[in-house]
Amino acid sequence: MIRTLDDLDAEGVAVGVRIDINSPVSGGELADDARLRAHVDTLAELLDCGARVAILAHQGRPGGDDFARLAAHADRLDELLDHPVDYCDATFSSAARDRVAALDVGEAVVLENTRFYAEEYMEFEPERAADTHLVRGLAPALDVYLNDAFAAAHRSQPSLVGFPTRLPSYAGRVMERELDVLGAIEETPTPRVYVLGGAKVGDSIGVARSVLERDLADTVLTAGVIGNVCLLAGGAELGDATAEFVYDAGYWDEIDRAGDLLDAHDEIAVPEDVAVERDGDRHEVAVADLPAEIDAPAMDVGSRTIATYGEIIENAGTVILNGPAGVFEEEPFAEGTRGLYEAATRAEQSIVGGGDTAAAVRQLGLDGFDHISTGGGAALTLLTGDALPAVEALR
Ligand SMILES: Nc1ncnc2c1ncn2[C@@H]1O[C@H](COP(=O)(O)OP(=O)(O)OP(=O)(O)O)[C@@H](O)[C@H]1O
Ligand SMILES: O=C(O)[C@H](O)COP(=O)(O)O
């Protein structure tokens, strides 16, 4: 059983709260605060109850452009919450412990990016994670640990799986909500339609295979790069530019995997048409008309596909959307994503998962989904039926 905030009397208690505020960062500034806002309920509830809150989080990956300090995150949380939120440039040293010890009731401090420490970017079994410097160093300053970082729950890293061995542990409200919705996918209304787009072709093939073999999906609609790979697997001649894109992205081997999947499951649909750029505009090509002269990569699904898929989606009991249908960042190629996602809001129940997917929803101003997951990889892991290490550690 997982304990939640309902089981915690937080008055005066030093709570180590792991959240996922990994966000786009530009010039040291936060380019998007959606993930911070997602954790406001959990943090406000704790602080309103008089907890003393030490926040743990990661930002980016070592070597990446977005591998940054958490000072800007602390400032933004301070604005979002009615309680003071400070920043401390240490994570588990005596400076960090002293800062946590000095917290007053109803105060929070954001400790430094956990991934500044090498062990945090490694995967461990929980017992071993409990013995890392980060967990051993910080645990004595804490009374309890609370994990709200659903979006990172597929990682078996010390700040996510190490503390429950040492401290009484709880799930936060984001974690609870995500597990309630995504962990109970079998109980959602049918027919259940999965719309798989985006650029992570290998992951999407894995998800499609798993949900069909486990009878979770009645239909799988493919779009985005995975749709193009399925078209190539079926022999469609999409032109050199699309083939080169798929090859350069390292997905050439996935064409055979996609072909095997299509042979095994006729519940999978592929696009009827695609959109390419011609003279600076969107130009649509029907797959039935191929081979045709196409000198640009397929960047979106076309309007016939939007209509056919849209009807299936609207009539779904549950639609699960992962990955945009096209390069939504460029207006002419946002049509597929907009069309399919708008159709999803008319289905009985709609669930959206994925970091870029959630960004697309915000950028296109789409509204009316039943659940927008904070997680990309974590949501997919759960929807594929695999356990999440951080959730298992809480159990
Ligand atoms: N036809 C296409 N050609 C090239 N890129 C595409 C195409 N369709 C979608 N994309 C790109 O796919 C990217 C998003 O894919 P991704 O699989 O990362 O989404 P996500 O699952 O929501 O994200 P994550 O798993 O990281 O949380 C977008 O940047 C979009 O431009
Ligand atoms: O953005 C995410 O999906 C999570 O924060 C996990 O980040 P990671 O993929 O760098 O582990």
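Residues numbered from 1 in each chain as written. Chains lettered and ligands numbered in written order. Predicted model: local features only at pLDDT ≥ 70, side-chain atom pairs only at ≥ 80, totals over all residues. Heavy atoms only, no water.

- Taking an unreviewed UniProt entry as the reference, the chain is identified by name as Phosphoglycerate kinase belonging to Halococcus salifodinae DSM 8989.
- As stated in UniProt under Subunit (unreviewed entry), the record for the chain gives "Monomer."
- UniProt lists a comment for the chain under the heading Catalytic activity (unreviewed entry), and it reads "(2R)-3-phosphoglycerate + ATP = (2R)-3-phospho-glyceroyl phosphate + ADP". (UniProt positions renumbered as here; feature names shortened; annotations may be inferred.)

1. As for the site of ligand 1
Reasoning step 1: Near ligand 1 there are 19 residues, and of these Ala 199, Lys 200, Glu 329, Gly 355 and Thr 357 occur at the shortest range.
Reasoning step 2: At 2.3 Å, a side-chain N or O of Lys 200 approaches an oxygen atom of ligand 1.
Reasoning step 3: The side chain of Glu 329 places a nitrogen or oxygen atom 2.6 Å from an oxygen atom of ligand 1.
Reasoning step 4: For ligand 1, whose accessible area on its own is 650 Å², the fraction buried by protein is 85%.
Reasoning step 5: Where the shell around ligand 1 is concerned, the elements lending two or more residues are helix 10 (224–233) and helix 15 (355–363). (Near = heavy atom within 4 Å. Polar contact = N/O pair within 3.5 Å; in protein donor to acceptor, adjacent residues only side chain to side chain. Areas by Shrake-Rupley, 256 points an atom, 1.4 Å probe, with all protein chains shown as cover. Helix = DSSP H or I, 4+ residues; strand = E, 2+ residues; numbered from the N terminus.)

2. Topic: the sheet that holds strand 12 (residues 273–278)
Reasoning step 1: Spatially, the 3 strands line up as an open sheet ordered 13-12-14, and their pairing is antiparallel. Each end of this open sheet is capped by a strand with a single partner; those strands are strand 13 (281–286) and strand 14 (300–301).
Reasoning step 2: Across 6 bridges, strand 12 lies against strand 13 in antiparallel orientation. Residue pairing for strand 13: Asp 273 is matched across the bridge by Ala 286. (Pairing = 2+ DSSP bridges.)

3. Some words on the side chain of Glu 112
Reasoning step 1: Here Glu 112 is to be found in the loop between strand 6 (107–110) and helix 5 (126–129).
Reasoning step 2: One buried charged side chain, Glu 112, makes no salt bridge at all; its nearest oppositely charged neighbour is Arg 69, positioned 4.0 Å away.
Reasoning step 3: In contact with Glu 112, other than residues within four places in its own chain, are Ala 57, Arg 69, Leu 70, Tyr 87, Cys 88, Asp 89, Ala 90 and Thr 91. (Buried < 20%, exposed > 50% of the residue type's maximum accessible area, 1.4 Å probe, protein only. Lys, Arg positive; Asp, Glu negative; His and termini not counted. Salt bridge = Lys/Arg side-chain N within 4 Å of Asp/Glu carboxyl O. Contact = heavy atoms within 4.5 Å.)

4. Section: empty space enclosed by the protein
Reasoning step 1: Considering all chains together, one arrives at 2 cavities of 30 Å³ or more under this definition.
Reasoning step 2: Of the volumes computed, that of the largest cavity is approximately 50 Å³.
Reasoning step 3: The set of elements that each furnish at least two residues to the lining of the largest cavity consists of helix 9 (201–213), helix 10 and helix 12 (254–264).
Reasoning step 4: Tallying contributions element by element places helix 9 first for the lining of the largest cavity, with 3 residues.
Reasoning step 5: A breakdown of the residues in the lining of the largest cavity according to their chemical character gives 8 nonpolar, 2 polar and no charged.
Reasoning step 6: The calculated volume of the second largest cavity comes to roughly 40 Å³. (1 Å grid on protein atoms, 1.4 Å probe; cavity = no way out; pocket = protein on both sides within 12 Å on 5 of 7 lines; lining within 4 Å. Points joined across faces, edges and corners; volume = space filled by probe spheres on them. Nonpolar A, V, L, I, M, F, W, Y, C, P; charged D, E, K, R; others polar.)

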